[in-house]
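Chain and residue survey
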Amino acid sequence: MPQIRRLPENLVNRIAAGEVVERPSSALKELVENAIDAGAMRIAVKLVEGGLNSLEVTDDGCGMTPDEMALALERHATSKLPDEAIEQVATLGFRGEALPSIASVARFALESRPHDAEQGWKRVVDHGETVAEGPAALPPGTRVRVEDLFGKIPARRKFLRTPRSEYAACKDVILRLAMARPDVAITLDHGERRIFGLQGGEGLANRVAQLIARELKENGVAIDMERGAMRLTGIAGLPTYNRGVADHQYLFVNGRPVKDRLLTGAVRGAYADMLARDRHAVLALFLELPCEDVDVNVHPAKTEVRFRDAQGVRGFIVSGLRQALATGDKRSAQTPDAGAMSRWQQEPLREEPSPALRSIFEGRDWSAPQQRVSEPSAAWRGADADVMAEPRGRAEEAAPVADDAQDYPLGIARGQVANTYIVAEAKDGLVLVDQHAAHERLVLERLKAAGAEEAVARSQALLIPEVVELDETSCDRLEEAAPKLAEHGLAIERFGPSAMLVRSLPHAIARTDPEKLLRDIGDDLALNGEALLLGEKLDLVLATMACHGSVRAGRVLRVDEMNALLREMERTPRSGQCNHGRPTWVKLSMEDVEKLFGRH
């Protein structure tokens, strides 16, 4: 019979390393967090082969004495918990596991010097064994070098990915930590190449735009909301400025980068009726709340958190995002598409003189005339319909322009192109409006204002309630979400340990298969922690109603109708994007127009 025994220290550290050090980026995250917790204002990161060969982190933090360095390499030794109140932890790290765990699976060199010391000290640990120790020459601060990660553990080494993949993961870690601390200067080198060098003291908006995309600053709105002890700051991209993947959503809780289902679901809920399901918002959100209201001791890598009032946090983020987007919701993505701009055609310049200026003797045949039958020349057919098609644009004399016309952001209508696009002149450029997409958004907002959401969500009772069998975990989630689902017209109740009883469905989707609907909602709850799917289905019904009730592409509009549409767009929330996140209007600035004609 196997006997219970106490595991040796080295094996314990290797087991802990399996939780904390999954790959080079995991070790890098722990080291940079330690540098930030040490009060560093300058951090330099160097990678070789994506961190597989080596990674080095140098900072100008408080440094450590030789005795503190020896203690830091022992398990569960930390300076970040002065007492036992772990729920009050405000630092990025607090477990005291990172350094001994990394040192147990790599060659680990630790050099440090306090600011009041004349010289530094160095300790070298090779896969758990101290192999060197002595004085070191370095400026005040700490330098950590990790080499040959998992070199003596082939079973772990073979699960690492290619240098390119590991580099991408390391870069993502640095991006998130650099975003969280715009006051800290951070540099990243990969091999002999400088990837980026960020100056400390940058504003949050500048740091975020520099790391995500420079155009986000022009195509996003700033967020600064407070509710009780909670505060939400950051920058959120306009719905028209979106991506096909959710990799450009950066979420932070009390300065800690996290990947949390509740926060991700809140973002999706905030953009629910402004983006198609396969498109994702671009944003960076920073949530601050009292330490006792959030538990960061959930995951060994500290990438997940748990909130005491999860629904309150979610509601705050959704309302904060929607209010912020309401300040810029009439805007569209401002930068004209580079591909579309490059396709503008210019009249080619003639290098040779025109035929009229050539010599009358040039190119003439002076040989004797030949006897031949000539074919009659074809008459000029430029006016024929099959040669010269009718222009697709249409303009008519505009109504008198009001005195305050220059105050209209979308300008004054000047014509219509292809019976689909309205051409308007604004004080700072040329505006093109997709009349169908714009009116579709206007109709949707009218339906919501008229209470159509409540009408769509009205319950329709089933003649015979339907029993849907599911696994017990899904039933638990659905039972917990039942009051929220009832607000949308879906009445369900528990029917035994592994079944739900469906009593009514929303009126707008009364013909939906109840079993499929509940399974989809259960999956949605597991993925996002919130039943967003049902609301999205009802939003889709409203969007379909708006689509059928809006001005169709191909309809000829009078100038007064065009101007009325433009004025209503200026008054209506979220009119800058259609129901699928596409822009309803684009603007070509006068500077861009002048560039097309070579005037700039």
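All values reported here derive from a predicted model rather than from experimental measurement.

A short note on the pattern of salt bridges
All chains considered together, the criterion is met by 27 salt bridges. The shortest N-O distance in the salt bridge between Glu 147 and Arg 145 comes to 3.1 Å. Residue Glu 147 is classed as partly exposed on the basis of its relative accessible area of 26%. For Arg 145, a relative accessible area of 30% gives the class partly exposed. A salt bridge links Asp 428 to Lys 587; the shortest N-O distance between them is 3.0 Å. Taken as a pair, Asp 428 in the loop between β20 (421–426) and β21 (429–434) and Lys 587 in strand β25 (residues 585–589) lie far apart in primary sequence, 159 residues in all. A residue is classified by how much of its surface remains accessible, and Asp 428, at 39% relative accessible area, is partly exposed. Among the ionic contacts, a cluster of salt bridges with common partners joins Arg 555, Arg 558, Asp 560 and Glu 561.

With respect to the environment of Ile 235
Within the element layout of this structure, Ile 235 appears in strand β10 (residues 230–237). For Ile 235, a relative accessible area of 6% gives the class buried. For the pair formed by Ile 235 and Leu 283, sequence separation is 48 residues and the distance between their alpha carbons is 5.8 Å.

Considering the pairing of strand β9 (residues 220–227)
Note: β9 against β10, eight bridges, orientation antiparallel. Bridge pairing links Ala 222 to Ile 235 in β10. The hairpin turn running from β9 into β10, its antiparallel successor, is two residues long, and Gly 228 in that turn takes a positive phi close to 60 degrees.

Remarks on the sheet that holds strand β23 (residues 491–494)
With respect to topology, three strands assemble into an open sheet ordered β22-β24-β23, the strand pairing being antiparallel. Among the strands making up the open sheet, the edge pair consists of β22 (459–469) and β23. For this sheet the average axis-to-axis angle between neighbouring strands, irrespective of direction, equals 15 degrees. Strands in contact with helix α13 (residues 472–487) are β23 and β24 (499–506); relative to β23, the strand with the most contacts, it is inclined by about 140 degrees.

A few points about the sheet that holds β9
Read across the open sheet, the five strands follow the order β9-β10-β15-β12-β13; overall the sheet is mixed. At either end of the open sheet lies a strand with only one pairing partner, and these are β9 and β13 (256–258). If you compare each strand with its neighbour and ignore which way they point, the axes differ by 20 degrees on average. Contacts between helix α8 (residues 261–270) and the sheet are confined to β12 (249–253), β13 and β15 (283–288), with β12 contributing the most and set at about 125 degrees to the helix.

Description of the nonpolar core
Ranked by size, the top nonpolar core spans 61 residues in total, and within it Ile 43 and Phe 108 carry the most contacts. Considering every element that reaches this core, the biggest residue donor is helix α6 (residues 163–180), with nine residues. When residues no more than four places from it in sequence are discounted, the contact partners of Phe 108 are Leu 73, Leu 99, Ile 102, Ala 103, Arg 123, Val 124, Val 125, Val 144, Arg 145 and Val 146. In terms of nonpolar packing, the next biggest core, distinct from the first, is built from 35 residues, Leu 251, Leu 287, Leu 289 and Leu 325 among them.

With respect to the packing of α6 against helix α7 (residues 204–211)
In helix packing, the relevant descriptors are the interaxial angle and the interaxial distance, both defined with respect to the helix axes. As a packed pair, α6 and α7 sit with axes 9 Å apart at the nearest point and diverge in direction by 165 degrees. The angle between α6 and α7 places the two elements in the roughly antiparallel class. The two elements α6 and α7 meet at a crossing, and its hand is left-handed. On the side of α6, the interface is formed by Leu 175, Ala 178 and Met 179, while α7 contributes Leu 204, Arg 207, Val 208 and Leu 211. Broken down by class, the residue content of the contact of α6 with α7 amounts to six nonpolar, no polar and one charged.

Parameters at a glance
Residues numbered from 1 in each chain as written. Predicted model: local features only at pLDDT ≥ 70, side-chain atom pairs only at ≥ 80, totals over all residues. Heavy atoms only, no water. Salt bridge = Lys/Arg side-chain N within 4 Å of Asp/Glu carboxyl O. Buried < 20%, exposed > 50% of the residue type's maximum accessible area, 1.4 Å probe, protein only. Helix = DSSP H or I, 4+ residues; strand = E, 2+ residues; numbered from the N terminus. Pairing = 2+ DSSP bridges. Axes fitted to C-alpha atoms, helices over the stretch in contact; angles between N-to-C directions. Contact = heavy atoms within 4.5 Å. Core = buried A, V, L, I, M, F, W, Y, C linked by side-chain atoms within 4.5 Å. Parallel < 35°, antiparallel > 145°, perpendicular 65-115°, else oblique. Left-handed = near helix turned anticlockwise from the far one by under 90°. Nonpolar A, V, L, I, M, F, W, Y, C, P; charged D, E, K, R; others polar.

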